[in-house]
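# Reading the structure
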Amino acid sequence: MKRKTKMVHGGITGDEKTGAVSVPIYQVSTYKQEAAGKHTGYEYSRTGNPTRHALETVIAELENGKAGFAFGSGMAAITSVMMLMNTGDHIVMTDDVYGGSYRLTTKVLNRFNLDHTFVDTSNPEKVKEAIKPNTKALFIETPTNPLLKITDLKKMADIAKENDLLLIVDNTFATPYWQQPIDLGADIVIHSATKYIGGHSDVVSGLVVVNDDKVAEDLHFIQNSVGGILGPQDSWLLMRGIKTLGLRMEAIEKNTHELVKFLENHPQVSTIYYPGRLEHKGHDIAKTQADGFGGMISFDVGSAEKADQVLSRVKYFTLAESLGAVESLISIPAKMTHASIPKERREELGITDGLIRVSVGIEDIEDLMEDLKQAME
Ligand SMILES: *Cc1c(COP(=O)(O)O)cnc(C)c1O
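Residues numbered from 1 in each chain as written. Predicted model: local features only at pLDDT ≥ 70, side-chain atom pairs only at ≥ 80, totals over all residues. Heavy atoms only, no water.

So, on to the UniProt feature "modified residue: N6-(pyridoxal phosphate)lysine" (unreviewed entry) in the chain. The feature "modified residue: N6-(pyridoxal phosphate)lysine" (unreviewed entry), as given by UniProt, occupies Lys195 in the numbering adopted here. Lys195 sits in the buried class, given a relative accessible area of 9%. With residues up to four places along the chain from it excluded, the contact list for Lys195 reads Tyr98, Thr172, Ser322, Leu323 and Gly324. (UniProt positions renumbered as here; feature names shortened; annotations may be inferred. Buried < 20%, exposed > 50% of the residue type's maximum accessible area, 1.4 Å probe, protein only. Contact = heavy atoms within 4.5 Å.)

Shown next, in the form of structure tokens:
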């Protein structure tokens, strides 16, 4: 099955009993047992729920993995994956990871003596240097947020194998439509499904896919023990989102290319970050490991004042955090998504006060271009 077909027909579809074409929302906490301990495979909805199970099956298929897991948010998914580690372990992470992952690692997991090193994972040598005897995992985001830095996943997989590490990839920005890290050697793939997979700004959720039976067993144990599960209603919304993920990503990709061309020709834009540009560092790697470049663009308009002006004037770009929806979203990372990262650290990374991040939606491109043009005048 090819990808778009998998999105529609993959996993568990419909309901055998009634012929319903859509998976029912099993809004239920517990299940009647025939005799004590003799059940249908479902006993309690934290452990397993048929609607959630259908979602977990389809995401595993889309990422070409063995098992899928659905959580109440991307952060719940990441936290649960981190719980595969033990106290005293060390992880190497991409230095411009999602702000929430940075906060979790530096302010919560550190209290449990989970040690970390942030490195520029676009440089494999730096990754090798950061590995210690107690390193257990590489945690990679590619492309990153908001500078769209690219890490070579095959090279990370080689380093992980050589050093017996788990390769964990946050694939939120690329989506399983464009990039399948497991095919490139990753062990675990994570999504904030709040973004492209849900796609409609109406659900907060996280997904994990693993490619090993033992890791699957361990993660299911953690999911059931910690309990950060996704509810049936939200699971259903994600399955609905997945059906159009391919179509949406194609439409977004097309709009994004047009918008980048527009920005390239705009005199007030100094730097543009978009992996689809030939000039973008890592473009060649992005091209070989993914089939599309995604719908995120960051660009510098020079100052906080100018960035504020643009955001206050746009009509079709919604000023909001988050990304990956049908509607175009616009934000200033330094003041919003990355505000929890200290200013010196932000500047080190290149997240200036005049940096604007856009998540391109599926609106008519003429409207989007006209809107940005008038906002920047
Ligand atoms: C949003 C996001 C997360 C966190 O997901 P939530 O659903 O907001 O908890 C993690 N990683 C990336 C790359 C994200 O964009």
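In space, the seven strands of this open sheet follow the order 1-7-6-5-4-2-3, with mixed pairing throughout. The open sheet has two edge strands, strand 1 (67-71) and strand 3 (115-119), and neither has a second partner. Strand-to-strand twist across the sheet, computed as the mean angle between neighbouring axes with direction ignored, equals 20 degrees. Two elements, strand 5 (residues 166-170) and strand 6 (residues 188-192), share three bridges in a ladder whose sense is parallel. Its bridge partner being in strand 6, Ile168 is matched across the sheet by Ile188. (Pairing = 2+ DSSP bridges. Helix = DSSP H or I, 4+ residues; strand = E, 2+ residues; numbered from the N terminus. Axes fitted to C-alpha atoms, helices over the stretch in contact; angles between N-to-C directions.)

With that settled, the discussion passes to the packing of aromatic side chains. This structure, assessed with the given rule, holds four aromatic pairs. With centroids separated by 6.3 Å and ring planes inclined at 70 degrees, the aromatic side chains of Tyr274 and Phe293 adopt a geometry described as edge-to-face. Separated by 19 residues along the polypeptide, Tyr274 in the loop between strand 8 (272-273) and helix 11 (283-289) and Phe293 in the loop between helix 11 and strand 9 (296-300) bring together distant segments of the chain. Under the relative-accessibility criterion, Tyr274 is labelled buried at 1%. The class for Phe293 is buried, based on a relative accessible area of 17%. (Phe/Tyr/Trp six-rings, centres within 6.5 Å; stacked < 30°, edge-to-face > 60°.)

This part covers the sheet that holds strand 11 (residues 329-331). A sheet is described by the order of its strands in space; here five strands give the open sequence 8-9-12-11-10, paired in mixed fashion. Looking along the sheet, the strands with just one partner apiece sit at the ends: strand 8 and strand 10 (318-319).

Negative charge collects at one region of the surface, where Asp364, Glu366, Asp367 and Glu370 lie side by side. Counting through the fold element by element, Glu370 comes out in helix 14 (residues 365-376). In this structure Glu370 comes out as exposed when scored by relative accessible area, which is 56%. (Patch = residues over 30% accessible without salt bridge, like charges linked within 9 Å, V, L, I, M, F, W, Y side chains within 5 Å. Areas by Shrake-Rupley, 256 points an atom, 1.4 Å probe, with all protein chains shown as cover. Salt bridge = Lys/Arg side-chain N within 4 Å of Asp/Glu carboxyl O. Lys, Arg positive; Asp, Glu negative; His and termini not counted. Charge placed at Lys NZ, Arg CZ, Asp CG, Glu CD.)

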